[in-house]
Amino acid sequence: MTHDHPDREPPRPFGRLLTAMVTPFTADGSLDLDGAARLATYLVDEQANDALVISGTGGESPTTTDAEKEQLLRVVVEAVGDRARVVAGVGTNDTRHTIELAAAAEKAGAHGLLVVTPYYNKPPQAGLVRHFTAVADAVGLPVMIYDIPHRAGIAIATDTLVRLAEHERIIAVKDAKGDPAATSFVAARTDLAVYSGEDASTLPWLAIGAVGVVGTSTHFTGVPTKKMITAYERGDVAAALALHRRLLPLYTGIFRTQGTILVKAGLAAAGLPAGPVRPPLVDATEAELAQLRRDCAAAGVELPA
């Protein structure tokens, strides 16, 4: 196992820093493909992202059609696929639909898949094994499992993750479980690349075996977050901790309301592609934007006035 060999680098199949990119819309709520290409370019070239997740929950995947997801993915792959990995969010609570989305993502040029725990219908652990295995069997792309119990309604048990890690294409987990002991056991017992699924957990999760983050505030904090990760990896824990503490107001503040809402408000304030959110989300209020500016200032991130 990877962590039985301290002299060997842990696997980072998608790099260290990933952002779950929001999906830009035009003023009338339709897909803004030109904006998506520009935002992806900004995130890779200016915010130091190694990879982008497209059509995750932060990309408002519940309200985009299958055709929109494919269009969006193709545009982002064309814009940045030569210098960053593009991971397609294909998770649903219907195994057949997820496989259809995975096949479409593979054809559209995705480099990997993010597959969330089936939500709301609460399958047993055997059902989770069947679901993730069926998706990984159906395509040739590497799979990152997304374990987020507070949204999915069910956690992926440690033994289940250990079993799934035996599949050659299930290579990573986005961990938003908030259970450091469970994550520690997964990191110790498998070669899964563990990515923190919560911005504020990035540094503590590195200490228990994670290799990076799939972030939300990293639309704005990509460069210093990357510096924090690399500082920790080179053994400069004090520098990493200083960056963690500096960025904490925005790591947490971006979730004062639903994260996509505030990311889009901040991007719009910065003159970057974003557009409105789709119902049932609602756009940020002036008060929420003002608080976001304060959180950004506290973290040393400037938003244009």
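Residues numbered from 1 in each chain as written. Predicted model: local features only at pLDDT ≥ 70, side-chain atom pairs only at ≥ 80, totals over all residues. Heavy atoms only, no water.

It is worth spelling out the environment of G35 at this point. With respect to the secondary-structure elements, G35 resides in helix α1 (residues 33-45). A relative accessible area of 0% means that G35 is categorised as buried. In sequence terms G35 and C296 are 261 residues apart; their C-alpha atoms lie 23 Å from each other. For G35, the contacting residues outside a window of four places in its chain are P24 and P273. (Helix = DSSP H or I, 4+ residues; strand = E, 2+ residues; numbered from the N terminus. Buried < 20%, exposed > 50% of the residue type's maximum accessible area, 1.4 Å probe, protein only. Contact = heavy atoms within 4.5 Å.)

Attention now moves to the packing of aromatic side chains. In the structure shown here, the tally under the stated rule is one aromatic pair. The cationic tip of K174 hangs over the ring face of Y146; the distance from NZ or CZ to the ring centre is 4.0 Å. (Phe/Tyr/Trp six-rings, centres within 6.5 Å; stacked < 30°, edge-to-face > 60°. Lys NZ or Arg CZ within 6 Å of the ring centre and 35° of its normal.)

The next point concerns unusual backbone geometry. Cis peptide bonds are those with omega within 30 degrees of zero, and the linkage from P279 to P280 qualifies with 15 degrees. Secondary-structure assignment places P280 in the loop between α11 (259-269) and α12 (286-298).

Per the UniProt annotation, the sites labelled "active site" (unreviewed entry) are Y146 and K174. Their sequence span is 29 residues, while the largest C-alpha to C-alpha distance among them is just 4.7 Å; these annotated residues converge on one region. If you trace the backbone, Y146 turns up in strand β5 (residues 143-147). Since its relative accessible area comes to 9%, Y146 is described here as buried. Contact partners of Y146, with chain neighbours within four places excluded, come to L114, V115, V116, T117, I156, K174 and A176. Inspection of the secondary structure puts K174 in strand β6 (residues 170-175). (UniProt positions renumbered as here; feature names shortened; annotations may be inferred.)

Regular strands place their side chains on alternate faces of the sheet. Counting buried positions along β5 gives five out of five residues, so the element sits mostly inside the fold. Residues of β5 alternate between two faces, with V143, I145 and D147 on one and M144 and Y146 on the opposite face, all of them buried. For the handedness criterion, the β-α-β arrangement of strand β4 (residues 112-116), helix α4 (residues 125-138) and β5 is classed as right-handed. Across five bridges, the pairing between β5 and β6 is parallel. Looking across to β6, one finds that D147 is bridged to D175. (Right-handed = clockwise from strand over helix to strand, strands pointing away. Pairing = 2+ DSSP bridges.)

Turning our attention to the packing of helix α10 (residues 237-253) against α12. Relative orientation of the contacting elements α10 and α12 amounts to 155 degrees, with a least axis distance of 7 Å. The orientation of α10 with respect to α12, classified from their angle, is roughly antiparallel. Residue-level contacts link R246, P249, L250 and G253 of α10 to L292, D295, C296 and A298 of α12. (Axes fitted to C-alpha atoms, helices over the stretch in contact; angles between N-to-C directions. Parallel < 35°, antiparallel > 145°, perpendicular 65-115°, else oblique.)

The next point concerns empty space enclosed by the protein. If you walk through the whole model with that rule in mind, you get two cavities of 30 Å³ or more. Roughly 100 Å³ of internal volume is contained in the largest cavity. I54, S55, D66, K69, E70, L73, A88, G89, V90, L101, A104 and A105 are the residues that line the largest cavity. Per element, the largest residue contribution to the lining of the largest cavity is four residues, and it comes from helix α2 (residues 66-80). Class assignment of the residues belonging to the lining of the largest cavity gives a composition of seven nonpolar, two polar and three charged. When its volume is computed, the second largest cavity comes out at roughly 70 Å³. Forming the boundary of the second largest cavity are D147, T158, L161, V173, D175, K177, A182, T183, V186 and V194. Looking at the lining of the second largest cavity, the elements that each hand over two or more residues are α6 (158-164), β6 and α7 (180-189). (1 Å grid on protein atoms, 1.4 Å probe; cavity = no way out; pocket = protein on both sides within 12 Å on 5 of 7 lines; lining within 4 Å. Points joined across faces, edges and corners; volume = space filled by probe spheres on them. Nonpolar A, V, L, I, M, F, W, Y, C, P; charged D, E, K, R; others polar.)

Strands sit in the order β1-β2-β3-β4-β5-β6-β7-β8 around a closed barrel of eight strands; the barrel is parallel. With direction set aside, neighbouring strand axes in the sheet form an average angle of 25 degrees. Bridging between strand β1 (residues 17-20) and strand β8 (residues 212-215) involves three bridges; their strand directions are parallel. Looking at the pairing, T19 lines up with G215 of β8.

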